Every structure is written in structure tokens, then in C-alpha cells.
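Residue-level structural notes
Read off the chains here:
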Amino acid sequence: MATAGARSAPSQTPPPTSAIRQTPAGPAPGRAEPPPWQLQRDSGRMRSSLAPLGVPVSRDRDDVSVCLSGSWYTPEACLQLKDHFHGQVSAACQRRNTGTVGLRLSKVVVVGDLYVGKTSLIHRFCKNAFDRDYKATIGVDFEIERFEIAGVPYSLQIWDTAGQEKFKCIASAYYRGAQVIITAFDLSDAQTLAHTRQWLADALRENAATSCFIFLVGTKKDLLSGAACEQAEAEAVHLANEMQAEYWSVSAKTGENVKAFFSRVAALSFEHSVLQDLERRSSAQLQVGDGDLVRMKGSSPESQEGRGLSSLGCC
Ligand SMILES: Nc1nc2c(ncn2[C@@H]2O[C@H](COP(=O)(O)OP(=O)(O)OP(=O)(O)O)[C@@H](O)[C@H]2O)c(=O)[nH]1
Ligand SMILES: [Mg+2]
């Protein structure tokens, strides 16, 4: 597999408050970079937590070391590589000052050709199950997955959309409001990779590119090996670069990389949500602060009307 750069879509420059660092090169082969979160199973559900914050220790390194190990890491596709949450996010988590983030659902939309394995990928993650038989998704379906990240509850609403043409108009009605877009293709079918451009374009028609994380995910990794796999991945990494997407390859059948992939999705969107919330609250506070200043000067808001802001100064 490979992790490659996520884009938090704006331009390629991370927003000022973005936690995601661009890393010029990956860790040495076999040396796992300390992951920012760790995974726990809780009643069959995936949970992720960052504990303790900022301390480079993981009790469950396997998935992350796979995705970051040198043999899979592809720096040419990597726009950003995350190894720590943004300082403001860590601090907010420690102070339990994450606002409404724990109450909201972050929307993840999975798109791609029929039969590429979108439903299977989601089921592997959410239910730890795999079905060999194909049952086409009709329209859309969704799963809600709850996490705990750094002690903060966090939920992803994962939308599974139909790849069949006849259901496309139903499915596309659900693209709007996505925080994460996952474009999936079958590693053993080059056509499905070529089609991901169109799938992404369709999803972005309903979403501001600057507000989404985009992933390109090659499925059915178990079907390929050796040179064929390398070739397929090289092409995918190339396209991921163009899309400014982060590339992963997974197998719903064996479970390879599935947990690590969704953990990354959760971590990135969690961090983004917390930063957004902090920004929103600090600008709201600024506005309230202005009002307080007016009152502190000893006059009612009404009496200030008609007086310019300059008249509120201390002199
Ligand atoms: N070998 C292998 N087969 C897989 C894998 N993932 C899915 N499949 C098989 O591929 C077929 C299609 O999988 P689905 O998950 O239903 O595909 P989909 O993308 O949801 O299809 P639509 O709902 O029609 O868009 C099924 O027969 C799955 O068992 C995988 O990782 N490895
Ligand atoms: Mg499906």
C-alpha cells in the first residue's frame, strides 16, 4: 500500500491552522513512525484514541507501520504526511474544549465503478465481515462509525453509493456536504482506475474542493502480486498526484490496510473538524467581545449608535 499525500484540497498549501505537515521523505523501511492515534476495539467497533497526546508510543502499531513502511511509502504521491495532530487540536482535546465536534457526524462519501468493492470495504471496516457474493448497492446506503479520539467522541457517517449507471442520479444526490471523498477502483481492472477522474469530478460538483479530503483507494489488493501489483500501484500513484489525493491500497477480503486506512480518514477529518470549530468559536467570541467593549465603556449599546468606532477609544 502506500500512503500518499492527502490534500485538504484548498490550494496545495495547507491552511494556516492545518495540522498536516508535508514530509519530504518517508521513514526508513521497517521503522514505523509513531502514529498519532491508536486503535482499540470496543464491542466490535473500531475506536481510535490518541493517548497520550504527543507522546510517540503506540500500543497498536501494526496497521500504521504497514502503511508507512518504506516499501510501500511513495513520497512522490505524498502532499502531506501526518504524524501529529496540530498543537491547538491536542490542547483542545486535553482541555476537553472541542466544542460540538463530538456531537456532529462527519460525512464520508465512497464513490467508484460498480463491482470495485466499495460496499465490501465499508463492511470489512464496520462489521469486520466479507461476502464473496456480489449484491449491487441500490442508490445509497450508510454506516455510522463511532470513534474516540484523544478522549473525544467522534463519528463518521460513511456513505456507500451505487456504482451502476442507472442509480447514479440517486446516489449523487447524497454527495453534498462531504468532508471526505473516497474514490475507489479495482486494482485488477485498469478501466476502473481511469474512471475515478469522473467520479471525483461528480463528487466535487456538489462540494467545495477546498473543504474535502480526497482519497484514491485501490481495492482487491489480494488479487495482485509482484510486477502486476507494482505496475497498477504506480499508475494509481500517478493519478493520485494529479487528483491531489492520498493513495491507499486495501483488501476487503483479507482486511489488509482497511483499519489503518479508515483510522487515517478519521484522524484527518477529526483534526479538521476541531480546528474549524476552534476558529468558528474564536471569531464568534471576537464579535461578542466587541459588544462587551461597548458596554464596558459605560454606555448602553443604543447610545453608541451613530458614533463611529473611533469614538470608542480610551481618549
Ligand atoms: N478478491 C476480492 N474480492 C473482493 C474484494 N472486495 C470486494 N470483492 C468482491 O467484489 C465484488 C463486488 O464487491 P462490492 O463491494 O459489492 O462492489 P461495489 O463497488 O459495492 O458495487 P456496487 O454496489 O454495484 O457499486 C463482490 O463479489 C465482492 O466479494 C477484495 O478485497 N478482494
Ligand atoms: Mg455496493
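The following refers to the structure shown. (Residues numbered from 1 in each chain as written. Chains lettered and ligands numbered in written order. Predicted model: local features only at pLDDT ≥ 70, side-chain atom pairs only at ≥ 80, totals over all residues.)

1. Description of the pairing of strand E5 (residues 152-161)
Defined as follows: With C-beta atoms placed from the backbone, the exposure class of a residue follows from how many other C-beta atoms lie within 10 Å of its own: 20 or more, buried; 12 or fewer, exposed; in between, partly exposed. What counts as a helix is a DSSP run of H or I of at least four residues, what counts as a strand is a run of E of at least two, and both are numbered from the N terminus. Two strands pair if DSSP finds at least two bridges between them.
Within E5, seven of the ten residues are buried, leaving the element largely enclosed by the surrounding structure. Strand direction decides the pairing type here: strand E3 (residues 105-112) and E5, joined by six bridges, are parallel. Within E5, the residue paired with Leu105 across the bridge is Ser155. Sheet topology note: the strand E4 (residues 140-149)/E5 ladder contains ten bridges and is antiparallel.

2. Here's the deal with the site of ligand 1
As a reminder of what qualifies: What makes a residue near a molecule or strand is its C-beta atom, placed from the backbone, lying within 6 Å of it. Amino acids are sorted into nonpolar (Ala, Val, Leu, Ile, Met, Phe, Trp, Tyr, Cys and Pro), charged (Asp, Glu, Lys and Arg) and polar (every other residue, Gly among them).
Taken together, 23 residues lie near ligand 1, and Gly117, Thr119, Ser120, Thr137 and Gly163 sit nearest. Among the elements that make up the shell around ligand 1, the one with the highest residue count is helix H3 (residues 118-127) (three residues). Of the residues in the shell around ligand 1, the class split is eight nonpolar, eight polar and seven charged.

3. Section: the environment of Ala129
Rules: A residue pair is marked as a contact if its C-beta atoms, positioned from the backbone, fall within 7 Å.
Mapped onto the fold, Ala129 is located in the loop between H3 and E4. Note: C-alpha distance between Ala129 and Lys253 (124 residues apart in sequence) is 8.4 Å. When sequence neighbours within four positions are dropped, the list of residues in contact with Ala129 reads His123 and Arg124.

4. Topic: the sheet that holds strand E7 (residues 213-219)
Heads up, the condition is: Throughout, an axis means a line fitted to C-alpha atoms (over the contacting stretch in the case of helices), and angles, computed between N-to-C directions, take values from 0 to 180 degrees.
Strand order in this open sheet of six strands is E4-E5-E3-E6-E7-E8, and the pairing throughout is mixed. Because the sheet does not close on itself, it has two edges, and the strands there are E4 and strand E8 (246-249). For this sheet the average axis-to-axis angle between neighbouring strands, irrespective of direction, equals 25°. When strand E6 (residues 180-186) meets E7, the two strands line up parallel, connected through seven bridges. Residue pairing for E7: Asp186 is matched across the bridge by Thr219. Sheet contacts for H3: E3, E4, E5, E6 and E7; angle to E5, the most-contacted strand, approximately 155°. Lying over the sheet, helix H7 (residues 226-243) contacts E7 and E8, oriented at roughly 165° with respect to E7.

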